[in-house]
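Descriptive analysis of the structure
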There are 2 protein chains.
Amino acid sequence: MKTDQQGWQQRQRPPRLERRVDFEDYAQTRAFLEALAELSEAADLYPDISFGRTYVNLSLQADADATELAAEHNDLARRIDALIAPAPISC
Amino acid sequence: MKTDQQGWQQRQRPPRLERRVDFEDYAQTRAFLEALAELSEAADLYPDISFGRTYVNLSLQADADATELAAEHNDLARRIDALIAPAPISC
């Protein structure tokens, strides 16, 4: 998996976190989307996602009337990060 | 499943077919994306897709240097249509 080292970009109007991830092939892209769907359902938060064969763009938006992102958005962003670069196994 | 009755829109620059589909809930959206992934792999054609909790936007683009869509793009579009509105079972 090739990752974008920039990580999440915070943007406004509406407040949101955006991130792009690139993959080697469609199998990797699909596996990532599948894991992401599990996280979304668990958090009951559904990012706007666009993807093609080897890329995924994520946008995590604040709720309609909110002026900033909630803690749950940041939590989900961290969980998505963990999918992209799993923590090393400590022995 | 709520479907957009407009079906596919043909657009240019680049030549492409676009379609939006709306769903009742995330479970339907996810099932559609899963079936779409199977079709994409079988056809070795990967539409650009954007989706949120209850919608999917599809864009099937011609190859980089092509001036029009190939038969395989139209075939995939028909197969996607079949996912959205399965043919009635004839007795």
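Scroll up to find the structure.
Scope of this entry: the structure provided in the associated data block. (Residues numbered from 1 in each chain as written. Chains lettered and ligands numbered in written order. Predicted model: local features only at pLDDT ≥ 70, side-chain atom pairs only at ≥ 80, totals over all residues. Heavy atoms only, no water.)

Before going further, it helps to spend a moment on unusual backbone geometry. A negative phi angle characterises most non-glycine residues, just as the trans form characterises most peptide bonds. The amide bond that connects Arg13(A) to the next residue, Pro14(A), takes the cis arrangement and shows omega of -5°. With respect to the helices and strands, the residue Pro14(A) is situated in the loop between β2 (9-11) and β3 (16-22). The phi dihedral of Arg13(B) falls on the positive side, at around 55°, and the residue is not glycine. Its location among the elements puts Arg13(B) in the loop between β2 (9-11) and β3 (16-22). (Helix = DSSP H or I, 4+ residues; strand = E, 2+ residues; numbered from the N terminus.)

The interface is formed by 17 residues belonging to chain A together with 17 residues belonging to chain B. Of the roughly 1500 Å² buried between chain A and chain B, counting both surfaces, carbon and sulfur atoms make up 51%. For chain A, the biggest contributors to the area lost against chain B are Tyr26(A), Arg30(A) and Phe51(A); these three give 39% of the whole. Counting across the interface, chain A meets chain B through six salt bridges. Taken together, the links from chain A to chain B amount to 10 residue pairs in polar contact (both at pLDDT 80 or more). (Contact = heavy atoms within 4.5 Å. Buried area = accessible area lost by both parts, 1.4 Å probe. Salt bridge = Lys/Arg side-chain N within 4 Å of Asp/Glu carboxyl O. Polar contact = N/O pair within 3.5 Å; in protein donor to acceptor, adjacent residues only side chain to side chain.)

Attention now goes to the packing of helix α1 (residues 26-43) of chain A against helix α2 (residues 71-84) of chain A. All names here are of chain A. Where α1 contacts α2, the axes come no closer than 10 Å and their chain directions differ by 155°. The pairing of α1 with α2 is recorded here as roughly antiparallel in orientation. Once α1 is placed against α2, the crossing between them reads as right-handed. Here Phe-32, Ala-35, Leu-36, Leu-39 and Ala-43 of α1 lie close against α2, whose contacting residues are Leu-76, Arg-79, Ile-80, Leu-83 and Ile-84. Considering only residue class, the contact of α1 with α2 consists of nine nonpolar, no polar and one charged. (Axes fitted to C-alpha atoms, helices over the stretch in contact; angles between N-to-C directions. Parallel < 35°, antiparallel > 145°, perpendicular 65-115°, else oblique. Left-handed = near helix turned anticlockwise from the far one by under 90°. Nonpolar A, V, L, I, M, F, W, Y, C, P; charged D, E, K, R; others polar.)

Now for α1(A). The terminal C-alpha atoms of α1(A), which comprises 18 residues, lie 25 Å apart, in line with the 26 Å expected from a rise of 1.5 Å per residue. Burial in α1(A) covers these residues: Tyr26(A), Thr29(A), Arg30(A), Phe32(A), Leu33(A), Leu36(A), Ala37(A), Leu39(A) and Ser40(A). Buried residues along α1(A) sit against β3, β4 (48-51), β5 (55-61) and α2 of chain A together with α1 (26-43) and β4 (48-52) of chain B. Sitting at the amino-terminal end of α1(A) is Asp25(A), which places a side-chain oxygen 3.3 Å from the backbone nitrogen of Ala27(A). Residue Asp44(A) follows α1(A) closely and has a positive phi angle near 50°. (Expected span 1.5 Å × (residues − 1). Buried < 20%, exposed > 50% of the residue type's maximum accessible area, 1.4 Å probe, protein only.)

Taken together, the side chains of Asp44(A), Asp63(A), Asp65(A), Glu72(A) and Asp75(A) present a region of like negative charge at the surface. By the secondary structure assignment, Asp44(A) is in the loop between α1 and β4. (Patch = residues over 30% accessible without salt bridge, like charges linked within 9 Å, V, L, I, M, F, W, Y side chains within 5 Å. Areas by Shrake-Rupley, 256 points an atom, 1.4 Å probe, with all protein chains shown as cover. Lys, Arg positive; Asp, Glu negative; His and termini not counted. Charge placed at Lys NZ, Arg CZ, Asp CG, Glu CD.)

Inspection of every chain in the model, using the stated rule, returns one cavity of 30 Å³ or more. In this structure, the largest cavity occupies an estimated 250 Å³ of space. Among the secondary structure elements, those contributing two or more residues to the lining of the largest cavity are α1 and β4 of chain A together with α1 and β4 of chain B. Residue classes in the lining of the largest cavity are distributed as 14 nonpolar, three polar and four charged. (1 Å grid on protein atoms, 1.4 Å probe; cavity = no way out; pocket = protein on both sides within 12 Å on 5 of 7 lines; lining within 4 Å. Points joined across faces, edges and corners; volume = space filled by probe spheres on them.)

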